[in-house]
Structures are given as structure tokens and as C-alpha cells.
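Letter by letter, the chains look like this.
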Amino acid sequence: LEMEMDGASLTEQPDSDEKEVCVESLIRGNINSYVDLFYLTHRAGSELPIVDRHKLPWIAQKLTEAENCERNGQNRMAYRFFSKVAHYFQTTA
């Protein structure tokens, strides 16, 4: 299943391991993305994550791209990536 969001393809991927996706961002040096992903996948008082695990790789990619843009002083581009993630949550809520 594929969905289009602001020109970016949001492809449903086979079951993604939440831990693997979080750790991948940490290994790449994206600590802020790791923290965001951790909180999205570990909701207090619930076994269920906040995010669909099929969408997690796409969300991880956008958070990582936003963090990298922030590091390079490309704040408008970072805002666009964060906005895409926000739009995803607005449309799935």
C-alpha cells in the first residue's frame, strides 16, 4: 500500500522492528531522532505504540532528514520534514 504525502511516498513496509529502527538512528548519530522515535514507540502505560510499525521507517527517515537539516542550518527544510510527519499524524488520528 502506498500513499502520497506532499510529493513524498509513504510506503507501507513489512513489519519493522521498532527497536531496530530506533537503534539505526542512534548508530547514525541522530540522537534527537532516536529520542523522538523512542517516545513514539513506547507509550507510557500501554503496550501499543503511538505509530503504526509499518510507517515507522518512513517516519524515522523524515525525522533523521529534519535533524540533519537542522545541523546544517537548513531550518526551513527541517521544518518541511517535521511538517510531513505532523501531517501524517493529523491524517491518521
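Data block above holds the structure.
Cut-offs used in this document
Residues numbered from 1 in each chain as written. Predicted model: local features only at pLDDT ≥ 70, side-chain atom pairs only at ≥ 80, totals over all residues. Heavy atoms only, no water. Helix = DSSP H or I, 4+ residues; strand = E, 2+ residues; numbered from the N terminus. Buried < 20%, exposed > 50% of the residue type's maximum accessible area, 1.4 Å probe, protein only. Areas by Shrake-Rupley, 256 points an atom, 1.4 Å probe, with all protein chains shown as cover. Contact = heavy atoms within 4.5 Å. Core = buried A, V, L, I, M, F, W, Y, C linked by side-chain atoms within 4.5 Å. Phe/Tyr/Trp six-rings, centres within 6.5 Å; stacked < 30°, edge-to-face > 60°.

Colleague: Just give me the short version of the overall build of the protein chain, but keep the residues and values in it.
Modeller: Helices and strands together make up the secondary structure of the protein chain, namely four helices and two strands. Starting at the N terminus and walking to the C terminus, you meet the elements of the protein chain as β-β-α-α-α-α. The buried share of the protein chain, reckoned over its 93 residues, is 33%. Approximately 6000 Å² of the protein chain is accessible, and the part contributed by carbon and sulfur atoms is 52%.

Colleague: Tell me about the environment of Leu63, residues and numbers included.
Modeller: Structurally, Leu63 is set in helix H3 (residues 56–71). In this structure Leu63 comes out as buried when scored by relative accessible area, which is 7%. Along the chain, Leu63 and Ser25 lie 38 residues apart, while their C-alpha atoms are 9.3 Å from each other. Contact partners of Leu63, with chain neighbours within four places excluded, come to Ser33, Asp36, Leu37, Leu40, Phe82 and Val85.

Colleague: Break down the nonpolar core for me, with residues and values.
Modeller: Core analysis: the largest hydrophobic core is formed by twelve residues, namely Val21, Cys22, Leu37, Leu40, Val51, Leu56, Trp58, Ile59, Ala60, Leu63, Val85 and Tyr88. Mapped by element, the contributors of at least two residues to this core are helix H1 (18–27), helix H2 (31–41), H3 and helix H4 (75–92). Among the elements that make up this core, the one with the highest residue count is H3 (five residues). Here Ile59 is in contact with Leu37, Leu40, Val51, Val85, Tyr88 and Phe89, once residues within four sequence places are set aside.

Colleague: How would you sum up the packing of aromatic side chains? Please name residues and give values.
Modeller: Given two aromatic rings, their pairing is described by the distance between the two centres and the angle made by the two planes. As enumerated under the stated definition, the model contains four aromatic pairs in all. On the numbers, 6.1 Å between centres and 55° between planes, the contact of Trp58 with Tyr88 is tilted. Here Tyr88 lies in helix H4 and Trp58 lies in helix H3, a separation of 30 residues in the sequence. Side by side, Trp58 and Tyr88 carry an identical accessibility label, which is buried. Judged by centre distance (5.0 Å) and plane angle (75°), the rings of Tyr88 and Phe89 are edge-to-face. The exposure class of Tyr88 is buried, given its relative accessible area of 4%. A residue is classified by how much of its surface remains accessible, and Phe89, at 22% relative accessible area, is partly exposed.

None of this, on its own, says anything about what the molecule does.
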